[in-house]
Amino acid sequence: MNIKKPILSKKDKKGTYSSYSSKTSYSNSSDPSGKFAIIEGFKIARTNIQFSLSASNENCFAVTSWSKGEGKSTATSNIAISFAKMEKKVILLDCDLRRPNIHNLLKIDNAIGLTSVLCNENSFDKVVQKDVLPNLDVLTVGTIPPNPSELIASDNFSKLIKTLKEEYDYVIMDTAPIGIVTDALLVKDLVAGYLVIVREGVTTHGDIQNFISSCKTAGAKVMGFLKVGCNPGNGKAGKYRKYNRKYGSYDYYRYY
């Protein structure tokens, strides 16, 4: 798990994005696991996300991808942990009602969760898992429903998110890949925007174009791209550059 030279984007004075590469190398012989570099990579992403949230006066955002297998849920979990490290009250919701994975990554129970709240079977307080890590509460999916789109689009879901925005400093959703189903776009009016996970060697140029087109059609906002699974020596980052300039990116190398 070697992680070197994280790349991120910043806004210039004209409000456009440009990519630059940190000159700092996080390679450390005393840290062969690369843990320090992983933590620093997510701190960089967290800082950029905070800027985006401040601009929209929001504390809620969604993480998604174009397709499965791009590391979306892993990245979401690590982002939530990074926010919780700031001593802020954070809630992580698994809103991928078709293929939930947050409970597997965090090794927590998934017997009941979000679906039982939306179906009025249990209250949020009874199913939320408090302090999974310090300052981090998690709401897993629970039973996979036969009507995921309807539940995400329901009034109960909207009311729940509005309540959580008042109770927590940050509300983070792990949503289904947009290229497979459109569930994630149903929350567009509840979030500041979407953080899009792209994986080198998996996500294609066409996938990104299709993603942006889908968001434009739905009137959804893209906060930025977070590229994972990078190989520092392969020189493939250039194909994402024009999207980085417009939407911003939080880019770092292999972490999982």
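As the structure is a prediction and not an experimental result, all values here were calculated from the model. Along each chain, numbering runs from 1 in the same order as the chain's sequence is written. Given that the model is predicted, a residue must reach a pLDDT of at least 70 before its local features are reported, and side-chain atom pairs must reach 80 or more before they are shown or counted; all residues, however, enter totals for whole chains, interfaces and linings. For side-chain calculations, the full set of non-hydrogen atoms in the structure is used, while hydrogens and water are omitted.

1. Here's the deal with the overall build of the protein
To qualify as a helix, a DSSP run of H or I must reach at least 4 residues; to qualify as a strand, a run of E must reach at least 2; elements of each kind are numbered from the N terminus. The helix and strand tally for the protein stands at 9 helices and 10 strands. With a 1.4 Å probe rolled over the protein chains alone, any residue whose accessible area is under 20% of its type maximum counts as buried; one over 50% counts as exposed, and the rest are partly exposed. When the 256 residues of the protein are sorted by exposure, 54% land in the buried category. Partitioning the contacts of the protein with sequence separation of at least 6, the portion at a separation of at least 24 is 77%. Using a 1.4 Å probe, the Shrake-Rupley method yields the accessible areas, and only the shown protein chains count as cover for residues. Taken as a whole, the protein presents about 12,000 Å² of accessible surface, with 48% of it coming from carbon and sulfur. We call two residues in contact when some of their heavy atoms are within 4.5 Å.

2. Quick look at the side chain of S77
The residue S77 is located in helix α2 (residues 72–84) in this model. Apart from residues lying up to four places away in sequence, S77 is in contact with L92, I102, L105 and L106.

3. Notes on the pairing of strand β8 (residues 194–199)
Among the 6 residues of β8, 6 are classified as buried, and the element is accordingly described as predominantly covered. Of the two faces of β8, the one lined by Y194, V196 and V198 and the one lined by L195, I197 and R199 are each fully buried. Two strands are counted as paired when DSSP detects at least two bridges linking them. Bridge count for β8 against strand β9 (residues 222–228) is 6 bridges, and the pairing is parallel. Paired with R199 across the bridge in β9 is V228. When the strands point away from the viewer and the connection leading from the first strand across the helix to the second strand turns clockwise, the crossover is called right-handed. Considered for its hand, the β-α-β crossover made up of β8, helix α8 (residues 205–218) and β9 is right-handed.

4. Describing the confidence of the model for the protein
For the protein, per-residue confidence averages 81 on the pLDDT scale, and residues scoring 70 or more make up 75% of the total. Think of pLDDT as the predictor's per-residue confidence, scored from 0 to 100. Low pLDDT, under 50, characterises residues 1–30; the predicted model gives this stretch 71 contacts beyond four residues in sequence or across chains. Scored below 50 in pLDDT, residues 236–256 shows 92 contacts in the model against residues more than four places distant or in partner chains.

5. What about the environment of V222?
The topology assignment puts V222 in strand β9. In this structure, the C-alpha to C-alpha distance between V222 and K188, residues 34 residues apart in sequence, is 10.0 Å.

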